[in-house]
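Listed here are the chains, written in short residue letters.
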Amino acid sequence: MDWQAIWLTMQLASCTTAILFVFGIPLAYWLATTRWRGRFVVEAVVTLPLVLPPTVLGFYLLVALGPHSPAGRLFEQLTGGRLPFSFSGILLGSILGNLPFAVRPFVAAFAAMDRRLVEASLCLGASRLETFWRVTLPLCWPGILAGLILTFAHVVGEFGVVLMLGGNIPGITRTLSISIYDNVQALDYTAAGRTALALVLFSFIVLCLTHALDRKGTRS
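As the structure is a prediction and not an experimental result, all values here were calculated from the model.

Calculation rules
Residues numbered from 1 in each chain as written. Predicted model: local features only at pLDDT ≥ 70, side-chain atom pairs only at ≥ 80, totals over all residues. Heavy atoms only, no water. Helix = DSSP H or I, 4+ residues; strand = E, 2+ residues; numbered from the N terminus. Salt bridge = Lys/Arg side-chain N within 4 Å of Asp/Glu carboxyl O. Buried < 20%, exposed > 50% of the residue type's maximum accessible area, 1.4 Å probe, protein only. Axes fitted to C-alpha atoms, helices over the stretch in contact; angles between N-to-C directions. Parallel < 35°, antiparallel > 145°, perpendicular 65-115°, else oblique. Left-handed = near helix turned anticlockwise from the far one by under 90°. Contact = heavy atoms within 4.5 Å. Nonpolar A, V, L, I, M, F, W, Y, C, P; charged D, E, K, R; others polar. Core = buried A, V, L, I, M, F, W, Y, C linked by side-chain atoms within 4.5 Å.

S.K.: Would you take a moment to explain the environment of leucine 139 for this structure?
M.R.: Mapped onto the elements of the fold, leucine 139 is located in helix 8 (residues 128-156). Leucine 139 sits 30 residues away from alanine 109 along the chain, and the two C-alpha atoms are 8.6 Å apart.

Below is the structure:
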């Protein structure tokens with residue numbers, strides 16, 4: 001087992017999940033409650049990584065964040081580093097690539113909530129922010145937690161975006177999926193099989209947890 005790749009993958013998955021929780025919750029709540037007619041455009045942009053090949057997304061991010069792009073030059077001026085072939089780069093790619101895996105379950109949880117409970121809280125004098133933290137978030141938590149687990153698991157198995165944007169640098173951009181690819185390229189099927197089996201078991205456990213949380217959310 002490539003423990004360095006495991007540690008890097010866990011870091012990437014944890015950071016991606018935490019950032020998508022912070023920024024995905026407000027976006028999902030807006031999508032679930034807004035009556036704006038152009039909402040479908042935002043929904044399409046959020047969902048696009050689901051149908052877009054990861055290598056295509058990684059390629060466009062590589063071009064958009066490269067040293068010759070405005071964003072790349074600005075980042076290099078501010079930090080002295082470059083986004084491509086760095087942990088920051090694959091983190092940004094992971095956030096964009098996994099956006100629908102977090103936001104879509106969040107939206108479903110918010111949309112399924114009984115709006116009468118929110119209205120009752122507002123009628124009792126609670127502010128909208130207080131109602132969100134004390135009523136909306138606890139009621140929708142099983143669906144939100146399912147989205148977070150699904151996001152974490154998908155990042156663990158990420159390959160296309162990471163390879164295109166980060167390459168294969170040990171300790172910096174080499175994740176578990178790329179480690180399996182390297183083992184196969186080196187004809188080390190034993191090591192590749194061990195890592196692949198670990199990912200299969202991990203994915204199975206994640207799916208069981210997700211389905212259990214979905215059932216709990218439906219019953220509540």
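Next comes the rest of the write-up.
S.K.: Help me out: how do you make sense of the pattern of salt bridges in this one?
M.R.: Two side chains of opposite charge can pair, provided their charged atoms sit close to one another. Enumeration according to the criterion identifies 5 salt bridges in this entry. With its nearest N and O atoms 3.3 Å apart, the salt bridge here joins aspartate 182 to arginine 174. Note on arginine 174: relative accessible area 18%, which makes it buried.

S.K.: Could you clarify how one ought to interpret the packing of helix 1 (residues 3-33) against helix 2 (residues 39-51) in this entry?
M.R.: Packed helices, taken two at a time, are described by the angle between their axes plus the distance between the axes. Orientation of helix 1 relative to helix 2, taken along the N-to-C sense of each, is 140°, at an axis distance of 10 Å. Put simply, helix 1 runs oblique to helix 2. In the packing of helix 1 onto helix 2, the handedness of the crossing is left-handed. The residues of helix 2 that touch helix 1, namely those facing Leu27, Trp30 and Leu31, are Arg39, Val42, Glu43 and Val46. Per-class residue counts for the contact of helix 1 with helix 2 are 5 nonpolar, no polar and 2 charged.

S.K.: It is not clear to me how the nonpolar core should be interpreted in this structure. Could you clarify?
M.R.: Taken as a class, soluble globular proteins show a tendency for nonpolar side chains to be buried jointly. Within the largest apolar cluster, 34 residues are counted, with the highest numbers of intra-cluster contacts made by Val103, Phe106, Phe110 and Ile144. Every element with two or more residues in this core is listed here: helix 1, helix 5 (87-97), helix 6 (99-112), helix 8, helix 10 (176-185) and helix 11 (189-219). It is helix 1 that provides the largest number of residues to this core, a total of 8 residues. Leu65, Leu83, Val161 and Leu165 belong to the second-largest nonpolar core, a separate cluster that totals 6 residues.

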